[in-house]
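Read off the chains here:
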2 protein chains.
Amino acid sequence: VLVETTVPSVPGRRCRIVYRNGAPVDAARVEALCAKVGWPQRPRAKLEAALRNSFLVASLHLQVIDEEGASASTPQTETLVGLARATSDHAFNATIWDVIVDPEYQGQGLGRALVEQVVRALLRREIGNVTLFADARVVEFYRQMGFECDPEGIKGMFWYPR
Amino acid sequence: VLVETTVPSVPGRRCRIVYRNGAPVDAARVEALCAKVGWPQRPRAKLEAALRNSFLVASLHLQVIDEEGASASTPQTETLVGLARATSDHAFNATIWDVIVDPEYQGQGLGRALVEQVVRALLRREIGNVTLFADARVVEFYRQMGFECDPEGIKGMFWYPR
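Cut-offs applied
- Residues numbered from 1 in each chain as written.
- Chains lettered and ligands numbered in written order.
- Predicted model: local features only at pLDDT ≥ 70, side-chain atom pairs only at ≥ 80, totals over all residues.
- Heavy atoms only, no water.
- Core = buried A, V, L, I, M, F, W, Y, C linked by side-chain atoms within 4.5 Å.
- Buried < 20%, exposed > 50% of the residue type's maximum accessible area, 1.4 Å probe, protein only.
- Helix = DSSP H or I, 4+ residues; strand = E, 2+ residues; numbered from the N terminus.
- Contact = heavy atoms within 4.5 Å.
- Pairing = 2+ DSSP bridges.
- Right-handed = clockwise from strand over helix to strand, strands pointing away.
- Phe/Tyr/Trp six-rings, centres within 6.5 Å; stacked < 30°, edge-to-face > 60°.
- Lys NZ or Arg CZ within 6 Å of the ring centre and 35° of its normal.
- Buried area = accessible area lost by both parts, 1.4 Å probe.
- Salt bridge = Lys/Arg side-chain N within 4 Å of Asp/Glu carboxyl O.
- Least-squares fit on C-alpha atoms with pLDDT ≥ 70 in both.
- Expected span 1.5 Å × (residues − 1).
- Axes fitted to C-alpha atoms, helices over the stretch in contact; angles between N-to-C directions.
- Parallel < 35°, antiparallel > 145°, perpendicular 65-115°, else oblique.
- Nonpolar A, V, L, I, M, F, W, Y, C, P; charged D, E, K, R; others polar.

Observations concerning the nonpolar core
Consideration 1: Grouped together as the largest cluster of nonpolar side chains are 34 residues, with contacts concentrated most on Met157 of chain A together with Leu56, Ile96, Leu122, Val130 and Phe147 of chain B.
Consideration 2: Top element by residues in this core is helix α3 (residues 110-124) of chain B. It accounts for seven residues.
Consideration 3: Setting aside chain neighbours within four positions, we find methionine 157 of chain A in contact with Phe133 of chain A together with Val130, Thr131, Leu132, Ala134, Val139, Tyr142, Arg143, Phe147, Glu148 and Cys149 of chain B.
Consideration 4: Among the nonpolar cores identified, the runner-up in size contains 33 residues, and Phe55, Ala58, Val64 and Cys149 of chain A belong to it.

The following block contains the structure:
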């Protein structure tokens, strides 16, 4: 699936951003992306385990394209510019985690397109209950996409050591 | 791990309730338990997939015991009286689902013991972020156990078709 956004980030070069679901994602590139948005660094081995054991890993990749619109990038030279992943029981529930878009490419609807693709992919796999935990500053972003806070009084809760 | 509760449910017989983590759990028995608390029936094949693909499945079993305190039940004759399961990325996050205790055995702390064992098991596996979605009527139950609603404004959200 192609996100129909072209990005003039490489001067003199045409670019586009491609959405992939289930493509191999290098943990080192995810780490670099997380650092770019200021998330605390997490142990590499745990990040690799989390990617491996997520039900779904969706990613956005920046490709340089040639005159005919063909990709002039290889998977190695593409830039990872977005990520989202979901845990699931493969049957009823999924929870979306780590939604991230490179700050250089924010503000053009990529986050929304990414999450919409993730929701669609989960629904295609017959997951009826798609959930997430949203930071206060992105609650409105998810609400506009069709997510509801606390439906029927259901509350998101986190265990905290006392 | 033994939950230290004896239950005089079988007249003239001594009983106890045993906690197990990762033991095989028969989907038909889970279905019967869910029916007992009035949950809507779910397709058997999906329930089996959900149990198989949960990171952790914890269960409570009623055993009849003999004079010496040994189990007089086989896994086949034990009664399933409680269940909880968790999805996870095996690294950072886990979400607890389907916490259920047989109404006949509620009111003696089994639900609390079950959830505490699940949290401990997740922490032992170095899952730092233990979450759940609580119905309004059980929010207080989880709060007393150390779960917090909406910490730092993080909201639980559910995708609803529009």
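Quick notes on the pairing of strand β6 (residues 129-134) of chain A
Consideration 1: In terms of burial, β6 of chain A is a largely internal element, five of the six residues being buried.
Consideration 2: Across four bridges, the pairing between strand β5 (residues 93-101) of chain A and β6 of chain A is parallel. If you follow alanine 94 of chain A over to β6 of chain A, its bridge partner there is valine 130 of chain A.
Consideration 3: At this point the chain moves from β5 of chain A, through helix α3 (residues 110-124) of chain A, to the parallel β6 of chain A, and the crossover so formed is right-handed.
Consideration 4: As defined by bridge partners, β6 of chain A adjoins strand β8 (residues 155-159) of chain B across four bridges and the pair is classed as antiparallel. The residue of β8 of chain B that forms the bridge with phenylalanine 133 of chain A is glycine 156 of chain B.

Some points on the packing of aromatic side chains
Consideration 1: Going through the model one piece at a time under the given rule, you end up with nine aromatic pairs over all chains.
Consideration 2: Arranged with centres 4.8 Å apart and planes meeting at 65°, the rings of phenylalanine 133 of chain A and phenylalanine 158 of chain A form a pair that is edge-to-face. Of this pair, phenylalanine 133 of chain A sits in strand β6 while phenylalanine 158 of chain A sits in strand β8 (residues 155-159); the two residues are 25 residues apart in sequence, bridging distant segments of the chain. By the burial criterion, phenylalanine 133 of chain A is buried, and phenylalanine 158 of chain A matches it.
Consideration 3: These aromatic residues form a ring-pair network of at least three members: Trp97, Phe133 and Phe158 of chain A together with Trp97, Phe133 and Phe158 of chain B.
Consideration 4: The ring of phenylalanine 92 of chain B carries arginine 42 of chain A above its face, with NZ or CZ at 4.7 Å from the centroid.

Some remarks on the interface of chain B and chain A
Consideration 1: With 49 residues of chain B in contact, the opposing surface of chain A contributes 48 residues.
Consideration 2: For the pair chain B and chain A, the two sides together bury roughly 4,700 Å², of which 60% comes from carbon and sulfur.
Consideration 3: When residues of chain B are sorted by the area they lose upon contact with chain A, Phe92, Met157 and Trp159 of chain B head the list and together hold 19% of the total.
Consideration 4: There are four salt bridges connecting chain B and chain A.
Consideration 5: The salt bridge partner of lysine 155 of chain A is aspartate 150 of chain B, with a shortest N-O separation of 2.8 Å.
Consideration 6: Only α2 (44-52), β4 (79-88), β5 (93-101), α3, β6 (129-134), α4 (139-144), β7 (147-149) and β8 of chain B provide two or more residues apiece to the side of chain B that touches chain A.
Consideration 7: Considering each element in turn, the side of chain B that touches chain A owes the most residues, six residues, to β6 of chain B.

Some words on the relation of the copies chain B and chain A
Consideration 1: Overlaying chain B on chain A yields an RMSD of 0.0 Å, the required transformation being a rotation through 180° with an accompanying axial translation of 0.0 Å. The superposition of one copy onto the other is thereby described by a two-fold rotation axis. Every residue of chain B has its C-alpha some distance from the rotation axis, and the shortest such distance is that of glycine 156 of chain B, at 2.1 Å.
Consideration 2: Taken together, the interface assignments show that 98% of the residues at the interface of chain B recur at the interface of chain A, consistent with an identical surface on both copies.

Notes on α3 of chain B
Residues and elements named next belong to chain B.
Consideration 1: Here α3 contains 15 residues, and its C-alpha end-to-end distance of 21 Å stays within 8% of the 21 Å for a straight helix at 1.5 Å per residue.
Consideration 2: Considered for burial, the residues of α3 that qualify are Leu110, Gly111, Ala113, Leu114, Val115, Gln117, Val118, Val119, Ala121 and Leu122.
Consideration 3: A positive phi of about 65° marks glutamate 126, the residue just after α3.

Details of the packing of helix α1 (residues 27-36) of chain B against α2 of chain B
Residue and element names in this part refer to chain B.
Consideration 1: In the contact formed by α1 and α2, the axes pass within 10 Å of each other and the chain directions differ by 105°. Between α1 and α2, the crossing angle belongs to the class labelled roughly perpendicular. Contacts from Ala27, Ala28, Val30 and Glu31 of α1 reach α2 at Arg44, Leu47, Glu48 and Leu51.
Consideration 2: When grouped by side-chain class, the residues that make up the contact of α1 with α2 number five nonpolar, no polar and three charged.

Focus on unusual backbone geometry
All names here are of chain A.
Consideration 1: One non-glycine residue, aspartate 98, adopts positive backbone phi at about 55°.
Consideration 2: Here aspartate 98 shows up in strand β5.
Consideration 3: Phi is positive for aspartate 150, which is not a glycine, with a value near 45°.
Consideration 4: By secondary structure assignment, the location of aspartate 150 is in the loop between β7 (147-149) and β8.

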